[in-house]
Amino acid sequence: MAQRASLLLRPIVLISLSLSLGGIWLVGSLRRPSHHSILQPGAHFSPRSTKSIRDETITWARNWTLILYSQPLSRHGLKVGRYCATLLDHFRERLTVVSIVPGKISQAEIYAIHVAATWPVIADDGQWADEVLGIRGADSAFFFVDPSGIVRFSSDSPAEPEDLRQLAERFLLNEVTYADLGTTASVAVDSHFPSIKVKDLRSWQTRQWPSPQTKLAVVFAARCVECSLPIELAAYRAYEKAHPANDLPDLVFSSQFPPAVLGDAIQGAGLRAPLLQAAAAIPGIEDAWSLDFHTPSEVMVLSLENSNIRRFETWQSFFGKRQPVVGRSDTAVDR
Amino acid sequence: MTPLPTSLFRVANARFPEKVLEFGGRYFALESSNHRVLVLNRAKTPVGQIGRIGDGVGEFYYPSDIAIDRQGNLYVLEARKKRVQVFDQDAKVRSSFYVETQPYGIVVNSKQEILLGMPLGGALVSVYARDGHRLRSFGNLRTMSDFYGAPLRTLDKGYRVAINRVSLAVANDDSVFTAFVGSPFTDKFDPDGHRVWEREFPAIGARVVGAYTKTQKSPHLMTWPTDGGVSIPFVGTGIAVDNCGRLFWSVQWDGAWIGEYDLAGNFVHAFEPSDRAIFFRNITLSEDGGFLLAPGFINADAVHNTYLLRLPNPPCNEKTF
């Protein structure tokens with residue numbers, strides 16, 4: 001009996017693996033290193049019903065579900081959180097997203113505002129994430145769960161938007177596309193900047209932009225929102241002070257800035273320039289689904305003539321000074 | 001310092017190729033961030049790929065290093081997942097296993113034994129059979145004070161693991177070369193794992209010491225969360241051995257250089273790319289031995305290319321030593 005019990009307790013046997021792969025020369029233990037604590041692929045995700053910060057009851061409907069666990073105001077967490085809107089926009093009803101934020105409801109609410117969450121956000125006191133997901137002390141984690149409740153992928157290292165996109169494609173479409181990654185915007189000198197819908201943040205009127213008279217625009221793309229916007233607007237304000245009112249650029253903000261965040265930043269900056277918010281992704285800079293949320297800079301400057309691009313450059317180049325580094329760079333290399 | 005003519009090895013639709021190997025008329029480009037190995041023909045056109053993002057056998061999540069054995073089997077290391085997978089020339093998985101701690105580099109010797117840099121395992125290098133059985137380990141772990149003496153003794157404990165991260169190369173006779181990532185030192189071990197010699201790349205040591213004592217800024221840093229989160233200057237960027245008994249060892253600081261040594265550890269030449277703005281890592285040799293393949297980037301340009309560095313000596317015919 002003891003021998004039989006010990007046989008049952010052995011690591012996963014590889015007969016099933018060799019059958020599925022049609023023959024393997026040599027196989028090794030597929031037992032994962034034992035110190036992994038988060039819920040692993042193959043495990044069953046069995047949450048109890050829980051409520052979001054908006055008092056929605058989350059019943060974990062039978063759908064592909066992306067569960068994101070991140071600190072409320074981590075730069076990386078916010079970047080990834082904001083990308084979820086893009087994912088949901090692309091996959092719509094086929095994908096469910098749930099964010100879990102450790103800490104109090106007030107912190108989760110801040111997170112929800114900053115990522116413009118239209119999906120459930122759960123404030124976790126540490127117990128739920130530990131019991132259900134095995135998260136203990138990690139700063140971030142994410143899980144892809146299939147409609148039957150089986151974890152298909154998990155990681156306790158920070159996800160990149162590109163990883164989430166590839167995983168979503170892999171699971172929902174069974175085909176991964178690979179972005180032709182360039183780090184320059186796809187605007188080009190002498191190309192025509194297409195007419196886009198914008199909202200004037202002073203008059204609240206919607207109109208098309210640019211006009212033939214638009215000469216200069218400063219585009220604030222949404223790679224990193226509140227961690228940089230006030231500082232960059234403060235730097236722009238210094239430029240504005242040195243220029244007359246009739247020589248100021250249009251300031252065009254990404255559609256992804258949440259209204260509350262954008263409003264606070266603009267109010268604090270005390271600007272004179274036209275303030276516009278795009279209604280959709282800014283063409284050439286933000287509009288590729290597989291752009292991986294990478295833009296060459298948070299801020300781009302466009303010189304226009306009759307809506308044709310005569311010049312475009314980064315913020316640093318145009319204003320001639322280095323932008324201050326905000327926060328700590330996420331450049332830890334984990335190989 | 002002899003300049004090496006450089007040309008670009010540009011791979012369409014590739015994203016930050018981390019390492020490029022050449023075998024049997026094909027190139028294998030490791031794209032860690034795209035979770036795959038791209039297979040290219042002689043014209044450097046992608047003709048297929050191995051793996052895609054995922055957790056299953058045959059899938060990858062941030063594959064970190066690759067190696068090829070003499071039969072053309074491809075070995076893929078995923079440091080984050082602590083997993084090694086072996087693919088045959090038809091891209092079928094032949095082996096898959098997990099290791100105990102986070103590895104850094106991978107090479108394969110003539111017996112198809114898999115060598116991993118694994119300081120968390122208690123030695124510089126651990127050797128595995130293809131079934132995942134650990135066969136042996138060798139190479140005493142070093143300390144900061146071993147390399148730099150008493151002034152850095154206070155860092156011995158904190159950098160205990162990080163300072164022992166190494167890139168690996170294997171010669172035809174299965175002797176092993178370890179190039180330390182955080183210091184300009186390389187060791188040679190015989191096939192039984194005994195240290196034969198150690199060499200220091202000239203003219204960089206003082207700057208590296210300065211980085212560790214915070215009197216100098218290191219141009220490039222590497223951090224592994226598993227190693228206590230300490231950052232080390234990224235100095236030793238790669239090592240490769242050709243069939244002629246030439247050892248190529250690349251280092252960087254405010255520039256990138258390659259030292260050529262013979263297998264006895266005698267310094268032969270020092271090279272730098274003709275475009276001195278290039279920084280590169282994970283050098284490998286072309287099949288004919290005439291080029292180094294070196295993924296890298298130019299200064300702060302985030303676009304990563306692979307550079308072909310033409311070696312000044314003619315390629316040799318394969319022979320054993």
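Residue numbers here run from 1 along each chain, matching the order of that chain's written sequence. Chains carry letters from A onward and ligands carry numbers from 1 onward, assigned in written order. With the structure being a predicted model, the display of local features is reserved for residues of pLDDT at least 70 and the display and counting of side-chain atom pairs for 80 or more, all residues being used for whole-chain, interface and lining totals.

1. So, the sheet that holds strand β22 (residues 246-252) of chain B
Residues and elements named next belong to chain B.
Okay, so step 1: With mixed pairing, 5 strands are arranged side by side in an open sheet as β1-β24-β23-β22-β21. Strand pairing shows two members of the sheet lacking a second neighbour, β1 (2-4) and β21 (236-241), which therefore form its edges. Within the sheet, the average angular offset between the axes of one strand and its neighbour, ignoring direction, is 25 degrees.
Okay, so step 2: Looking at chain direction, β21 and β22 are connected through 5 bridges and run antiparallel. Residue pairing in the sheet places Ile239 in a bridge with Trp249 of β22. Two strands qualify as a pair provided DSSP detects at least 2 bridges between them. Going along the chain from the N terminus, every DSSP run of H or I of four or more residues is numbered as a helix, and every run of E of two or more is numbered as a strand. Between N-to-C directions, angles span 0 to 180 degrees; the directions come from axes that are lines fitted to C-alpha atoms, helices contributing only their stretch in contact.

2. What to know about the nonpolar core
Okay, so step 1: Here, a nonpolar core means buried Ala, Val, Leu, Ile, Met, Phe, Trp, Tyr and Cys residues linked by C-beta atoms lying within 7 Å of one another. With C-beta atoms placed from the backbone, a residue is labelled by how many other C-beta atoms lie within 10 Å of its own: buried for 20 or more, exposed for 12 or fewer, partly exposed between the two. Counting 135 residues, the largest nonpolar core has Tyr75, Leu115 and Leu292 of chain B as the members making the most contacts within it.
Okay, so step 2: If we ignore the near neighbours within four places in the chain, the residues touching Leu115 of chain B are Ile106, Val107, Asn109, Val125, Val127, Leu168, Val170 and Val176 of chain B.
Okay, so step 3: Of all hydrophobic cores here, the second largest spans 31 residues; its members include Phe220, Ala281, Met300 and Val301 of chain A. We call two residues in contact when the distance between their C-beta atoms, placed using the backbone, is within 7 Å.

3. Digging into the packing of helix α7 (residues 229-241) of chain A against helix α8 (residues 259-269) of chain A
All names here are of chain A.
Okay, so step 1: Orientation of α7 relative to α8, taken along the N-to-C sense of each, is 30 degrees, at an axis distance of 9 Å. If you check the angle between α7 and α8, you find them roughly parallel. With respect to the hand of their crossing, α7 and α8 are arranged in right-handed fashion. Residues Leu229, Pro230, Leu233, Ala234 and Arg237 of α7 lie in contact with α8, whose contacting residues are Ala265, Gly268 and Ala269. If an angle is under 35 degrees, it is roughly parallel; if it is over 145, roughly antiparallel; if it lies from 65 to 115, roughly perpendicular; otherwise it is oblique. Helix crossings are classified by the rotation of the near helix relative to the far one: an anticlockwise turn of less than a right angle makes the crossing left-handed, while a clockwise turn makes it right-handed.

4. Points about the sheet that holds strand β9 (residues 206-209) of chain A
Residue and element names in this part refer to chain A.
Okay, so step 1: Spatially, β9-β8-β12-β11-β10-β13-β14 is the arrangement adopted by the 7 strands of the open sheet, whose pairing is mixed. The open sheet has two edge strands with one neighbour each: β9 and β14 (308-314). On average, each strand axis in the sheet is tilted by 35 degrees relative to the strand beside it, whichever way the strands run.
Okay, so step 2: Alignment of strand β10 (residues 216-220) against strand β13 (residues 299-305), held across 5 bridges, turns out to be antiparallel. Residue Ala217 lies in a different strand from β13, and its bridge partner there is Leu302.

5. Details of the pairing of strand β7 (residues 65-68) of chain B
Residues and elements named next belong to chain B.
Okay, so step 1: Across 4 bridges, the pairing between β7 and strand β8 (residues 74-78) is antiparallel. What sits directly across from Ile66, in β8, is Val76.
Okay, so step 2: In this structure, the hairpin formed by β7 and β8 is closed by a connection of 5 residues, where Gly72 is found at a positive phi of approximately 90 degrees.

6. Considerations on the pairing of β22 of chain B
Side-chain positions along a regular strand alternate between the two faces of the sheet.
Residue and element names in this part refer to chain B.
Okay, so step 1: The buried count for β22 comes to 7 of 7 residues, which makes it a mostly enclosed element.
Okay, so step 2: Covered by surrounding structure in β22 are Arg246, Phe248, Ser250 and Gln252 together with Leu247, Trp249 and Val251, the residues of both alternating faces.
Okay, so step 3: Inspection of the sheet shows β22 paired to strand β23 (residues 256-262) by 7 bridges, in the antiparallel sense. Considered in β23, the bridge of Ser250 is made with Ile258.
Okay, so step 4: Hairpin connection from β22 to β23: 3 residues lie between these consecutive antiparallel strands.

7. Examining the packing of helix α3 (residues 75-91) of chain A against helix α6 (residues 161-172) of chain A
Residues and elements named next belong to chain A.
Okay, so step 1: Close contact between α3 and α6 brings their axes to 9 Å; oriented N to C, the two are set at 30 degrees. Here α3 lies roughly parallel to α6, going by the angle between them. Between α3 and α6 the crossing geometry is right-handed. Only Pro161, Leu164, Arg165, Ala168 and Leu172 of α6 make contact with α3, whose side of the interface consists of Lys79, Val80, Tyr83, Leu87 and Phe91.
Okay, so step 2: Class assignment for the residues of the contact of α3 with α6 results in 8 nonpolar, no polar and 2 charged. Each residue gets one label: Ala, Val, Leu, Ile, Met, Phe, Trp, Tyr, Cys and Pro are nonpolar, Asp, Glu, Lys and Arg are charged, and the others, such as Gly, are polar.

8. Some remarks on the domain arrangement of chain A
Okay, so step 1: How far each domain reaches was decided by an automatic or database domain assignment. Here chain A is described as being made up of domain 1 (38-172) and domain 2 (196-319).
Okay, so step 2: In this structure, domain 1 of chain A and domain 2 of chain A have C-alpha centres spaced 31 Å apart.

9. Here we look at the environment of Ala281 of chain A
Okay, so step 1: Structurally, the position occupied by Ala281 of chain A is in the loop between β12 (275-278) and β13.
Okay, so step 2: C-alpha separation for the pair Ala281 of chain A and Ser255 of chain A, spaced 26 residues apart in sequence, amounts to 6.3 Å.

10. A word on α8 of chain A
Residue and element names in this part refer to chain A.
Okay, so step 1: Within the span of α8, buried status applies to Leu262, Ala265 and Ile266. Here the buried residues of α8 occupy an arc of 95 degrees about the axis, which is enough to place them on one side. Opposite the packed face of α8, turned more than 90 degrees from it, sit the exposed residues Ala260, Gly263 and Gln267.
Okay, so step 2: Against the buried residues of α8 lie α7, β11 (250-253) and β12. Directions pointing from the helix axis toward each C-beta atom define the arc.

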